Amino acid sequence: MENSDSKSSAYVPQKTALYEAHKKAQGQIVDFSGWLLPIRYTSITKEHKQVRNHVGLFDVSHMGDIRIKGSQALETLQWLTSNDVSELTAGRAQYNLFISKDGYIVDDLIIYCLEQNNDYLLCVNASNTQKDFDWISKNNKGANLVNESDKWSLLALQGPKASALLSQVFKQKDWCNTNTFDVYLLDFQGSEIIVARTGYTGEWGVEIFIANHKALALWEILEKKGAQPTGLGARDTLRLEMKFSLYGHEIDENTHPYEAGLGWVVKANKKDFLGKKALARLAEAQKTNPQRKLVGFKLLDRAIPRQGYKCLDNAGQEIGLVTSGTMSPTLGEGVGIGYVKPEHSKIGSEFLLSIRGRQTRAIVVKTPFINL
Amino acid sequence: MSKESFAVPEENYYTKDHEWALVEENIVTVGITTFAQNQLGEVVYVELPDEGSKVSQNEDFGVIESVKAASDLIAPVSGTITEVNSSLTEDPSLINDDPMNQGWLIRVEMDTEKELANLIRASEYRKFIEKK
């Protein structure tokens, strides 16, 4: 008999500043990495399509926020990451990876430069917040390090109509003339907010860091202007259609950037950094003797791939594993991402998926799965 | 949607896996309840066994998938499948629109009536979902 009552009195899931707004909008709340957030409000497919065709509004306040300041801030970040943080001037952001001594991925993150050399805000995966903070602390080169996760709420506004909507609320910027990864400091009702041209959907969009006590006011204004509340279910299908990696699926502490298709996030010529030598060896190994490659695939038979399903060749031998999968709302087909042996990784290669004992046909396709 | 408005017809048997079973002589029609489809969200895919195959009480006989996840379907009785709802291949959303009627999943020729004693009735199921 299943016992669904938690006997642990210590565990209490956290609520974001927007919890009441989600309840009011009839969000179906689930425990997501210890946070109570809506998986959907109406339907995942509907919300997904709204983002692709209009504009959606996400509460992603559960993400971790780590502030790193002072004269050693850049040096510390350069030591711990694969990308070149010195490229960032104030008002720019970049995608980056924390790398272990052995060249494996500790986390993926976005670094927002607020003042060159001196002030950076890191946005990390919710479930890795403490791990990342401890990791930076352990390897700190003397920077001022603060876990600001409790200070910031984070709203994402994404979709082709997002710039028009944003222009109505923040008239001071010509949003159409901004670039991906631009970062702006603006005022909202007397509170300083950070508006960045970043996102996890593939659509034009922004992510807005805002003080918790102002988050609801901003959410309601954006909603009134036409932004549709969008849940975490659609957030996952949107990123999947773009083949964006999700930590714990495509990348984890046992994957390195090159097999995951993230070689572009490694600036191999950067001055010595943690894992640099190991990465060089892994890069060479991936070139000469790759073990596996991350690919996107579609199902040829009617079915839905899911994380953990085995990939097989025609002889029924295991050749890989699915890392993420869903029914693509845009395509109406089962799509997935997974690691396969290199001989099965070319576009057009067919393989089989074992789904509940039945073999289902799949084909490697070009990604992103959709054209924007 | 308030739980009071979830239809729980008296004539059905129910399970704590949120299946309903309508018993007519020795033929049992099986589906998932209104509460279940509401929890699941939009159904995008259903996998059902072939006619003629055997099912066992409390064992899985198929899968129902929403965008987000796959859930096992658990057989409320043991027997042989006489009919499968083929409309669901093209239109799995029937399960969301009319789970208690047109969204039926399978019909089973029951091995023995005795297994019905393991199922619950409408009032107990209503109490069960109220707690959720």
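Please refer to the structure higher up on the page.
Before going into details, it helps to say that this report is about the structure given with it. Keep in mind that this is a model prediction, so the values were computed, not measured.

### A short note on helix α3 (residues 73–80) of chain A
Residues and elements named next belong to chain A.
- In terms of burial, α3 is largely enclosed, as six of its eight residues are buried.
- Ala73, Leu74, Thr76, Leu77, Gln78 and Leu80 are the residues of α3 that are buried.
- On its buried face, α3 sits against β5 (64–69), β6 (92–99), β7 (105–115), β8 (119–124) and α4 (129–138).

### Thoughts on the interface of chain B and chain A
- On the side of chain A, 17 residues touch chain B, which itself brings 17 residues to the contact.
- Both sides together, the interface formed by chain B and chain A hides about 1600 Å², and carbon and sulfur atoms give 44% of it.
- In terms of surface lost to chain A, no three residues of chain B exceed B:Tyr45, B:Val67 and B:Lys68, which account for 39% of the buried area on that side.
- At the boundary of chain B with chain A, the tally comes to five salt bridges.
- Residue A:Arg306 pairs with B:Glu65 through a salt bridge whose shortest N-O separation is 2.5 Å.
- Mapped onto the side of chain B that touches chain A, the elements with two or more residues apiece are α1 (34–40), β4 (43–47) and β6 (60–66) of chain B.

### Overview of the sheet that holds strand β14 (residues 228–229) of chain A
Residues and elements named next belong to chain A.
- Pairing within the open sheet is mixed, and its six strands lie in the order β11-β12-β13-β10-β4-β14. Each having just a single partner strand, β11 (183–188) and β14 make up the two edges of the open sheet.
- By the bridge criterion, four bridges tie strand β4 (residues 56–59) to strand β10 (residues 152–158) in an arrangement that is antiparallel. In the strand pairing of β10, Leu57 is matched with Leu157.
- Across the sheet, helix α6 (residues 212–224) is in contact with β4, β10, β11, β12 (191–196), β13 (205–211) and β14; its angle to β13 comes to roughly 145°.

### Considerations on the side chain of A:Glu250
- Within the fold, A:Glu250 resides in the loop between α7 (232–241) and α8 (276–288).
- Given a relative accessible area of 0%, A:Glu250 falls into the buried group.

### Topic: the nonpolar core
- In terms of nonpolar packing, the biggest core is built from 39 residues, with A:Tyr112, A:Phe209, A:Phe351 and A:Leu353 touching the most fellow members.
- Setting aside anything within four residues of it in sequence, one finds A:Phe351 in contact with A:Phe297, A:Cys311, A:Leu312, A:Ile319, A:Val340, A:Thr360, A:Arg361, A:Ala362 and A:Val364.
- Counting 27 residues, the second-largest nonpolar core is a separate cluster that includes B:Tyr13, B:Ile32, B:Ala36 and B:Leu116.

### Points about the side chain of B:Thr15
- Along the chain, the position of B:Thr15 falls in the loop between β1 (13–14) and β2 (19–24).
- The residues touching B:Thr15, leaving out its near neighbours within four places in the chain, are B:Pro76, B:Leu119, B:Ile120 and B:Tyr125.

### Digging into helix α5 (residues 162–169) of chain A
Residues and elements named next belong to chain A.
- Those residues of α5 not exposed but buried are Ala162, Ser163, Leu165, Leu166 and Val169. Projection of α5 onto a plane perpendicular to its axis shows the buried side chains occupying an angular sector of 160°, all on one side.
- Buried-residue contacts for α5 involve β10, β13 and α6.

### Focus on the pattern of salt bridges
- A complete count under the given rule lists 19 salt bridges over all chains for this structure.
- Taking the shortest distance from any N to any O, the salt bridge between A:Asp182 and A:Arg92 comes out at 2.8 Å. One end of the pair, A:Asp182, is in the loop between α5 and β11; the other, A:Arg92, is in strand β6, and 90 residues separate them in sequence.
- With a relative accessible area of 29%, A:Arg92 lands in the partly exposed category.
- Between A:Arg356 and B:Glu47 there is a salt bridge whose closest N-O contact spans 3.0 Å. Pair noted here: A:Arg356 is in the loop between β19 (350–355) and β20 (358–365) and B:Glu47 is in strand β4, and the two residues belong to different chains.

### What to know about the packing of aromatic side chains
All names here are of chain A.
- By the definition in use, this model includes nine aromatic pairs over all chains.
- Both rings, one in Tyr95 and one in Trp264, keep their centres 5.8 Å apart while their planes meet at 25°; by these two values the pair is stacked. Taken together, the residues Tyr95 in strand β6 and Trp264 in the loop between α7 and α8 connect sequence positions 169 residues apart.
- For Trp264, a relative accessible area of 54% gives the class exposed.

### A few points about the packing of helix α2 (residues 44–53) of chain A against α7(A)
Residue and element names in this part refer to chain A.
- The interhelical angle for the contact between α2 and α7, taken along N-to-C directions, is 55°, at an axis separation of 8 Å. Considering their axes alone, α2 and α7 lie oblique with respect to each other. Between α2 and α7 the crossing geometry is right-handed. For the pair α2 and α7, contact is made by Ile44, Glu47, His48, Val51 and Arg52 and by Gly233, Ala234, Thr237, Leu238 and Glu241, respectively.

### What to know about unusual backbone geometry
Residues and elements named next belong to chain A.
- Put simply, Thr367 and Pro368 share a cis peptide bond, and its omega is 0°.
- Tracing the backbone through its elements, the reader meets Pro368 in the segment after β20.
- We note that Lys243 has phi near 55°; this positive angle belongs to a residue other than glycine.
- Tracing the backbone through its elements, the reader meets Lys243 in the loop between α7 and α8.

### Quick look at empty space enclosed by the protein
Residue and element names in this part refer to chain A.
- Scanning the entire structure with this criterion turns up one cavity of 30 Å³ or more.
- As a volume, the largest cavity reaches approximately 30 Å³.
- As for the largest cavity, its lining consists of Leu37, Pro38, Tyr41, Phe58, Asp59, Thr230, Gly231 and Leu232.
- Those elements that place two or more of their residues in the lining of the largest cavity are β3 (35–40) and β4.
- Its residues assigned to classes, the lining of the largest cavity shows five nonpolar, two polar and one charged.

### Some words on the sheet that holds β3(A)
Residue and element names in this part refer to chain A.
- Spatially, β1-β3-β2 is the arrangement adopted by the three strands of the open sheet, whose pairing is mixed. The open sheet has two edge strands, β1 (14–15) and β2 (28–32), and neither has a second partner.
- Contacting β2 and β3, α7 crosses the sheet at an angle of about 65° to β3.

### Focus: the environment of A:Ser324
All names here are of chain A.
- Structurally, Ser324 can be placed in strand β17 (residues 318–327).
- Measuring from C-alpha to C-alpha, the distance between Ser324 and Val340 comes to 13 Å, with 16 residues separating the pair along the chain.
- Beyond its immediate stretch of four places on either side in the chain, Ser324 contacts Arg239, Leu240, His249, Glu250, Gln307, Val335, Gly336 and Ile337.
- Side chain to side chain, Ser324 and Arg239 meet in a polar contact 2.8 Å long.

Criteria and cut-off values
- Residues numbered from 1 in each chain as written.
- Chains lettered and ligands numbered in written order.
- Predicted model: local features only at pLDDT ≥ 70, side-chain atom pairs only at ≥ 80, totals over all residues.
- Heavy atoms only, no water.
- Buried < 20%, exposed > 50% of the residue type's maximum accessible area, 1.4 Å probe, protein only.
- Helix = DSSP H or I, 4+ residues; strand = E, 2+ residues; numbered from the N terminus.
- Contact = heavy atoms within 4.5 Å.
- Buried area = accessible area lost by both parts, 1.4 Å probe.
- Salt bridge = Lys/Arg side-chain N within 4 Å of Asp/Glu carboxyl O.
- Pairing = 2+ DSSP bridges.
- Axes fitted to C-alpha atoms, helices over the stretch in contact; angles between N-to-C directions.
- Core = buried A, V, L, I, M, F, W, Y, C linked by side-chain atoms within 4.5 Å.
- Arc of directions from axis to C-beta.
- Phe/Tyr/Trp six-rings, centres within 6.5 Å; stacked < 30°, edge-to-face > 60°.
- Parallel < 35°, antiparallel > 145°, perpendicular 65-115°, else oblique.
- Left-handed = near helix turned anticlockwise from the far one by under 90°.
- 1 Å grid on protein atoms, 1.4 Å probe; cavity = no way out; pocket = protein on both sides within 12 Å on 5 of 7 lines; lining within 4 Å.
- Points joined across faces, edges and corners; volume = space filled by probe spheres on them.
- Nonpolar A, V, L, I, M, F, W, Y, C, P; charged D, E, K, R; others polar.
- Polar contact = N/O pair within 3.5 Å; in protein donor to acceptor, adjacent residues only side chain to side chain.

Function-wise, these values are silent; they only describe arrangement.
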